[in-house]
Amino acid sequence: MLGAYKHGKVDSEGEPCKCMKPDCMVCRIFDPHKQPKHNLGPTRILFRDARLTDDSKRVLAGKTSEGMNYAEIKTENIINRATGVATSGGLRTQERVPAGSEFEFNIVLRIFEGDDEEGIEQFIEEGIKLLQNESLGSSGSRGYGEIKISPNGEYRVSA
Ligand SMILES: [Zn+2]
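Residue numbers restart at each chain and count upward from 1, following the sequence in its written direction. At least 70 in pLDDT is required for a residue's local features to be given in this predicted model, at least 80 for side-chain atom pairs to be given and counted, and no such filter applies to totals for whole chains, interfaces and linings, which use all residues. The side-chain figures draw on all heavy atoms in the structure; neither hydrogens nor water molecules are used.

Re the environment of Ser-135
- By secondary structure assignment, the location of Ser-135 is in the segment after helix H4 (117–133).
- According to the relative accessible area criterion, Ser-135 is buried, its value standing at 17%.
- Spatially, the C-alpha atoms of Ser-135 and Ser-88 are 28 Å apart, while their sequence positions differ by 47 residues.
- Only heavy atoms enter the contact rule, under which two residues are in contact if any of them lie within 4.5 Å. In contact with Ser-135, other than residues within four places in its own chain, are Gly-140, Tyr-144 and Gly-145. Comment: elements are numbered from the N terminus, with helices defined as DSSP H or I runs of at least four residues and strands as E runs of at least two. Relative accessibility thresholds used throughout: buried, under 20% of the residue-type maximum; exposed, over 50%; partly exposed, between the two (1.4 Å probe, protein chains only).

As structure tokens, then:
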């Protein structure tokens, strides 16, 4: 399903859509990539900063004695499949958010006259589902970036 979602919306260089077509949900919602002059109006979505919840702050603050400072360090290596030996130059260290950490954030949809409000909401909900089925960021195949987004409180505010 991700392939169908991605089809035509990411170019061969990996950049987001910049077609500027009025019926393109990616350009309508996020703005055409690197196209400051277009007739689609302002960006329809705002992602506010995600902040660690107080509960997660307490849990992670208790782990500073384990060497954690609100993040964990994971060291990985590449193993040659034929020899079973670590590949030279494959050792790397990643800093990541510990599993179970919770954040609060807001996504704001801006709906203007003439917008397909239902279509925009459906598009974003579908994107969130895909994100939850895949991963946030890179290295999803190694277990990184598994997320769950739960509406908490006011899901939608109408003007
Ligand atoms: Zn587009």
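Next comes the rest of the account.
Describing the coordination of the zinc ion
- For Na, K and Ca the donor cut-off is 3.2 Å; for every other metal, N, O and S atoms count as donors within 2.8 Å. Water does not enter the count, which can leave sites looking incomplete. Around the zinc ion, the donor atoms from the protein are Cys-17 (SG), Cys-19 (SG), Cys-24 (SG) and Cys-27 (SG), and they sit 2.3 to 2.4 Å away.
- Along the chain, the residues donating to the zinc ion fall in the pattern C-x1-C-x4-C-x2-C. Each member of the pair, Cys-24 together with Cys-27, is buried.

Observations regarding the packing of aromatic side chains
- Any Phe, Tyr or Trp ring, taking Trp's six-membered ring, that has another such ring centre within 6.5 Å forms a pair; planes under 30 degrees apart are called stacked, those over 60 apart edge-to-face, and the others tilted. Per the counting criterion, the structure on display carries 1 aromatic pair.
- Their ring planes at 5° and their centres at 6.5 Å tell us that Phe-30 and Phe-47 sit as a pair that is stacked. With Phe-30 in helix H2 (residues 25–30) and Phe-47 in strand S1 (residues 45–47), this residue pair connects regions lying 17 residues apart in the sequence.
- The ring of Tyr-144 has Arg-96 lying over it, and the distance from NZ or CZ to the ring centre is 4.7 Å. A ring is scored as having a charge over it whenever the NZ atom of a lysine or the CZ atom of an arginine sits within 6 Å of its centre and within 35 degrees of its normal.

Some points on unusual backbone geometry
- Of note, Asp-31 is a non-glycine position whose phi angle comes to about 85°, a positive value.
- Here Asp-31 is to be found in the loop between H2 and S1.
- Backbone geometry places Tyr-70, a non-glycine residue, at a positive phi of 65°.
- For Tyr-70, a relative accessible area of 37% translates into the label partly exposed.

Brief notes about the side chain of Thr-53
- Of note, Thr-53 is situated in the loop between strand S2 (51–52) and helix H3 (54–61).
- Each residue touching Thr-53, except ones within four places of it in the same chain, is listed here: Glu-102, Phe-103 and Glu-104.

A few points about the nonpolar core
- Ranked by size, the top nonpolar core spans 10 residues in total: Cys-17, Cys-24, Val-26, Cys-27, Ile-29, Leu-40, Ile-45, Ile-120, Phe-123 and Ile-124.
- Listing elements by their share of this core, those giving two or more residues are H2 and H4.
- Contact partners of Cys-27, with chain neighbours within four places excluded, come to Cys-17, Lys-18, Cys-19, Met-20, Pro-32 and Leu-40. Only buried residues count toward a nonpolar core. Its members are Ala, Val, Leu, Ile, Met, Phe, Trp, Tyr and Cys residues joined through side-chain atoms within 4.5 Å.

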